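Structural overview for review
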Amino acid sequence: MTHSVALLALDGVVGFDLGVPPQVFGAARTPGGTPLYSVTTCGIDRRPIRPSRGGYQVLPDHDLTPLTCADTVLVPGTAIIEGRREPQVRKALRAAHARGARIMSICTGAAVLADAGLLDGLPAASHWAHAARLRRLYPAVNWDFDVLFVDNGSVLTSAGVGAGVDLCLHVVRKDHGSAIANMAARRCVVPPFRDGGQAQYIERPVPDTDGAGTQATRTWALDRLAAPVSLEDLAGHARMSVRTFTRRFRDETGLSPQKWLVQQRVAHARLLLESTDLGVDVVAQRSGLGSATALRQHFQQSVGVAPSAYRRTFRRT
């Protein structure tokens, strides 16, 4: 069945954020070409909406009615962060969440969800440039400005602008498996998965490295996921001290080398679970996580389900 997505456009909407979901979800199709999602754009009362920049207006096809029945409700970023949202918006979002709809936001759309009380006590992502204001306005939210997106199950948030692509592809992958998500990514001419978090995009001075970096070492490590690779091994391959390598690696990826390596190993384990019938112990060994127990622990932390449950869900595709 086609999954319905209600896209809520509010005053000051970020045009890029508004355009990403129809494009990515529209590219998600079965191998036979059947669309897997339908996207509807909504506004408070169908009045024209002026985006944050660009000199044009958006005229939604619908008012808030689709939020009462959509499978997913998505709020794009908006230039209006401070101040309470319209009461009908807060009411509609709370009602959608209460009936079990999946709630998503891109960039500063997280402020709209926070204003509705849907992020209280939860980790959430948004654009790093608004970190100070969002922490001040919504202290009950556990903001994380280092990641590209956060998946809490029923509520998902992403970092700024381009991270909306990552979040939408993540949802397609979660709903229909990697094969469909990869196909959608190819149609959109974007990578199906990006390494690291948004910390790598935060403005800060980086010393001139004369072309030296950690990309070659990351490629080297990806070819050796099944083998034990220590921080010293990584630094040695890059011909740097451990301290210099760790600092430069974090500057380039937004993650520590150890966290990045675990992330890649979990991603490889997911691929093996989806595409092979290998036992969990073998998957753990081939992905470099060591044991089935370690695989289950990392999987629960990163994916939110056990490896066996993940396989049952995604092997069907």
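A few words on the overall build of the protein chain. Counting secondary structure elements, the protein chain contains 13 helices and 8 strands. For the protein chain, the C-alpha radius of gyration of 21 Å lies close to 20 Å, the compact-globule estimate for 317 residues. With respect to the principal axes defined by its C-alpha atoms, the protein chain has extents near 60 × 45 × 35 Å. Burial analysis of the protein chain (317 residues in total) assigns 47% to the buried set. Partitioning the intrachain contacts of the protein chain with sequence separation of at least 6 by distance along the chain shows that 64% fall at a separation of at least 24. Total accessible area on the protein chain stands at roughly 14,900 Å², and carbon and sulfur atoms take up 53% of it. Once the 37 positive and 27 negative side-chain charges of the protein chain are each reduced to a mean point, those two points are 3 Å apart.

Looking now at the pairing of strand β4 (residues 102-105). Neither face of β4 is left uncovered, since the one carrying Arg102 and Met104 and the one carrying Ile103 and Ser105 both have all their residues buried. Across 4 bridges, the pairing between strand β3 (residues 72-75) and β4 is parallel. Counterpart to Thr72 in the pairing with β4 is Arg102. As paired elements, β4 and strand β8 (residues 155-158) share 3 bridges and run parallel to each other. Residue Ser105 lies in a different strand from β8, and its bridge partner there is Thr157.

Attention now moves to the environment of Val190. Positionally, Val190 belongs in the loop between α6 (178-188) and α7 (215-222). Remark: the alpha-carbon pair of Val190 and Val24, spanning 166 residues in sequence, is separated by 9.9 Å. In this structure, Val190 is in contact with Val165, Leu169 and Ala185, ignoring residues within four places of it in sequence.

Evaluation of the coordinates by the stated rule reveals 0 disulfides. With no disulfide of its own, Cys107 lies 13 Å from the sulfur of Cys168, the closest cysteine sulfur.

This part is about the confidence of the model for the protein chain. Of the residues in the protein chain, 93% reach a pLDDT of 70 or more, and the chain-wide mean stands at 88. Across the protein chain, β3 holds the top mean pLDDT of 98, while helix α13 (residues 307-314) sits lowest at 80. pLDDT under 50 marks residues 203-211. Its contacts with residues more than four places away, or in other chains, come to 7 contacts.

So, about the packing of helix α10 (residues 257-275) against helix α12 (residues 292-302). Here α10 crosses α12 at 100°, and the two axes come no closer than 10 Å. By the angle between their axes, α10 is roughly perpendicular relative to α12. Residues Val262, Val266, Ala269, Arg270 and Leu273 of α10 lie in contact with α12, whose contacting residues are Leu295, His298, Phe299 and Ser302. Classifying every residue of the contact of α10 with α12 gives 6 nonpolar, 2 polar and 1 charged.

Further remarks concern the environment of Pro60. Residue placement: Pro60 occurs in the loop between β2 (37-42) and β3. Sequence separation between Pro60 and Arg46 is 14 residues, and the spatial gap between their C-alpha atoms is 5.3 Å. Residue contacts for Pro60: discarding those within four places in its chain leaves Thr41, Cys42, Gly43, Arg46, Arg47 and Ile49.

Quick notes on the rules
Residues numbered from 1 in each chain as written. Predicted model: local features only at pLDDT ≥ 70, side-chain atom pairs only at ≥ 80, totals over all residues. Heavy atoms only, no water. Helix = DSSP H or I, 4+ residues; strand = E, 2+ residues; numbered from the N terminus. Rg over C-alpha atoms; globule rule 2.2 N^0.38 Å. Buried < 20%, exposed > 50% of the residue type's maximum accessible area, 1.4 Å probe, protein only. Contact = heavy atoms within 4.5 Å. Areas by Shrake-Rupley, 256 points an atom, 1.4 Å probe, with all protein chains shown as cover. Lys, Arg positive; Asp, Glu negative; His and termini not counted. Charge placed at Lys NZ, Arg CZ, Asp CG, Glu CD. Pairing = 2+ DSSP bridges. Disulfide = S-S within 2.5 Å. pLDDT = per-residue confidence, 0-100. Axes fitted to C-alpha atoms, helices over the stretch in contact; angles between N-to-C directions. Parallel < 35°, antiparallel > 145°, perpendicular 65-115°, else oblique. Nonpolar A, V, L, I, M, F, W, Y, C, P; charged D, E, K, R; others polar.

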